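# Coordinate inspection notes
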Amino acid sequence: MTVLDHRTEPDVAVLRRPARARAAWLLVAVGVLLVVMLASVAIGSRAVSWSEVWAALGGAQDTLGEAAVSKRIPRTLLAVLVGAALALAGAVMQGVTRNPLADPGILGVNMGASLAVVIGIAYFQMTSPTSFIWVAIAGSAASAVFVYAVGSLGRGGATPLKLALAGAASSAAFASLVSGVVLGRNDIAGGVTSWQIGGVGGATYEKLGYMVPFLAVGFVICVLSARGLNSLALGDELAAGLGQNVAVTRAVAAFGAVVLCGASTAIAGPIAFVGLVVPHACRMLFGADHRWVLPMSAVIGAALLTAGDVVGRVIARPQEIDVGIITAFLGAPVFIYIVRRQKVREL
Amino acid sequence: MEVLEAVTDDRIDRRVDAIAESVARSRARRSVRRRVVIALLGVSVIVVFAITLMVGNTFYSPSEVVRVILGHEVDGATFTVGRLRLPRGVLAVAAGACFGFGGVTFQTMLRNPLASPDIIGITSGAGAAAAFAIVMLSLSETQVSIFAIAAGLGVALLVYTLSFKDGVAGTRLILIGIGIAAMLNSVTAYVLSQAAEWDLQQATRWLAGSLNGSTWSDTVPVLVAMTVLVPVLLIQARNLTMTQLGDDTAGALGVRVERTRIIAIVAAVGLIAFATAACGPIAFVAFLSGPIAARIVGTTGSLLIPSALVGALLVQVADLCGQFAFDTRYPVGVITGVLGAPYLIYLIVRTNRAGGSL
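Residues numbered from 1 in each chain as written. Chains lettered and ligands numbered in written order. Predicted model: local features only at pLDDT ≥ 70, side-chain atom pairs only at ≥ 80, totals over all residues.

## Some thoughts on the overall build of chain B
- Looking only at helices and strands, chain B has 14 helices and zero strands in total.
- Helices (α) and strands (β) of chain B occur, in sequence order from the N terminus, as α-α-α-α-α-α-α-α-α-α-α-α-α-α.
- Projected onto the principal axes, the alpha-carbon positions of chain B cover approximately 95 × 55 × 35 Å.
- Split into buried and exposed, the 358 residues of chain B put 50% on the buried side. (Helix = DSSP H or I, 4+ residues; strand = E, 2+ residues; numbered from the N terminus. Buried ≥ 20, exposed ≤ 12 C-beta atoms within 10 Å, placed from the backbone.)

Right, dumping it as C-alpha cells:
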C-alpha cells in the first residue's frame, strides 16, 4: 500500500508523509499565501507606505495610495481564487486520468472555454459575466470530453504522452480558431489578448461575485471526490473491488474540475501550467493521499498565482506582464522535465 | 533431370522478368504522375499569382500588368500593381515555398508529420526573436532576419538536446517542442503588449502571420535567402529521403547521415526564419504542406519541390480568401490557422487509431 504508481511516479511512492511533517508544511504554505497576498496589495506601480496599506485594508480610500491599494484588493482576491481553482482542477485531472501530465491548460480545457466564450460574444451577443461562465463551463466540458476521446483512441488507451499530445494539439487548434473569430470582429478585437493570454488585471468585485458561487460548487465537488480518487489511483480493477463505481467517480470528479476551469477562464482567460506544477509539488510535500493533495494544491496554487502576478507587476515596471506569461515560463520547464521522465515505450 | 531444372529456371527467370517489368511500369507510372502533379502545381501557382496582380479594388487587364512589370508607366497601375500587389504576391509565393521546404524537411527527417517547425517551437522561436528585434531593439530588416535565424537554430538545438535520452524519440521531441513553443509564444505576446504604438494589424502579423502592407524591403531578403538555401537543400534531397530508411541503412547506402542532417536543419531553419521575419509565422503552412503534397504526389522521390509548391499555393489562396471572401479582411494566417486546426486534430485521431508511430 505504500507504493502507488510505480510506472509513472517512481519518486512519489509515499502515500502519506509523517503527520508532523505535513502539519509543518501546511503552516508554511498558509503563511506563504498570507505573505504573498499582503505583498500583492502592497506592491504595484505606485509605491505606498505600510500605514496606507493598513488603512486601505480597513476600507479607507482618502489618499491616492489608499485608493491604489483598494484597487489591488479585488485583483489579489481574483488571483487567489483562480490560482486555487486551477491547481485544484489540475490535481483532480491528474487523479482522474492517472496522468502526471494532466493540466487544464495542457489538455486544452482552458482554450476550449476561451473559444466558447469568444464565439458567444461574437455571434450570440453575450454580454453578462454569468452567461460567460455558463458558456465557458460548457466549452471546457466539451473540450475535455473531446480531448479524452481523441487521446484514448488506439492501442493502450489514454497514455500520458498520447493524452498530452492530443490536448496540446487541440489547444493549438482552438487558439487559432479564437484568433480567427476575434480578428474578424473589430468591435470586439480590443479585448483580444484577454482571451489569448490569461491575466488578473481586470478584476472587479462584481466579476468576483459572479464567479464565487460556481467556484464554491466546484471546490466542494472536487474535495469530496478525494477519497474516490485515492481508490482510482490503485487501478480500475482494484478500485471496483473496493466498492467504487469507477465511472461515476471519474465523471463526478471531472465535472468538478471542469466547473473550476470554466469559471476561472471566463473571468481571467486561459492560464496554463499552474495545474501541472502545483499538484506535483504537493505530492512531494504531503505524499500521494488526495485528501491532502487536493486542499493543499488549492492553497499553494493560490500562493503561486498571486506571487506570479506580483512578479509580473514588479519586473517590468511601469508596465505589467500578464500572469499567464509568468506561469508559462515557470511551468514549461516542469512540463519538459516530466515528459523527459516518461518512458516512451508506454505508447 | 537437368532438362527439368533448366525448364524451371527458365520459368522462374521469366516470372522474375515479368515482376521486374511490372515494377518498372508502375514506377514509371508513378514518376509520370509525379511530374504531371508538379507541373500542375507550378501552373496553378503562376495562374493564382497572375490573378493576385489583376484583381483587387480596381481590376487591371493582363496587358497593363505586364507593362507595369516591364517597367512602363501605367496610370494608377504602376502604384497599385507595382508597389502594392507585386511585392505582396511575390512574398506570398516565396514565404509559402519557404514554409513548405522547411516543414517537409523536418517532417521527413523526424519521420513524423507532427514534427513540423511550427509545432515543435522553431517558428515560435524565430517569431519571438523577430518581434523582440523589431519592437525592443528597432533593428533593420537584415538584422532582424539574422536574429530570427539564430533563435530558430538555437531552439532547434535546444529541443533536440532536451529530447535526447538514449536516442531521440519522436513523441518526446514533439511534446518538448510544444513546451518550448508555449514559452516562446508568451515571449512574443509580452513583447507585443509592450509596444503601445504597435497597432492591432502589426500585432496579428506576429501572432498569426499576415501579408498586409508587404513591401519590397520585406520581400527581397526572403528571395535572397531562397537563392542561397534552396539549392543547398535540394542537393541533399536524395540523401534526406534515404535517411528515412533509418540511420544504419542510409549509412550503408553511402549517405553521411549526420552531415546531411546538419545541412538540412540549417537550411530549413534559415528558410523558415527569413519567411517568419518577413510576414510572421503564417499558421500551420509548414505543417500542412508536406502531408498534402504526399497525398497528391504519392510516395515516389523527394517531397521537397511538391511541398514548396503546395505551401506557395496555400498561402496565395488563403491570402486571396482573407482579402476578398468575407466582409472583413482577415490576415492570411487566420485563414490557414482555421484550415489547419481541424487537419491537425484529424492527423492525431488517425495516428492514434492506427496505433502508429506516436
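## With respect to unusual backbone geometry
Residue and element names in this part refer to chain B.
- Its identity is not glycine, yet R111 carries a phi of approximately 55°, on the positive side.
- By the element assignment, R111 lies in the loop between α3 (77-110) and α4 (122-135).
- According to the C-beta neighbour criterion, R111 is partly exposed, with 13 such atoms within 10 Å.
- Within the chain, F284 stands out as a residue other than glycine whose phi angle is a positive 65°.
- Mapped onto the elements of the fold, F284 is located in the loop between α11 (257-279) and α12 (285-297).
- According to the C-beta neighbour criterion, F284 is buried, with 29 such atoms within 10 Å.

## Focus on the nonpolar core
- Counting residues in each nonpolar core, the largest one holds 227 residues, and the members touching the most others are A:L88, A:V92, A:A263, B:A95, B:C98, B:L271 and B:I272.
- Among the elements that line this core, the one with the most residues is helix α3 (residues 64-97) of chain A, at 17 residues.
- Among all residues touching B:L271, those that are not within four sequence positions of it are B:C98, B:F101, B:G102, B:A225, B:M226 and B:L229. (Core = buried A, V, L, I, M, F, W, Y, C linked by C-beta atoms within 7 Å. Contact = placed C-beta atoms within 7 Å.)

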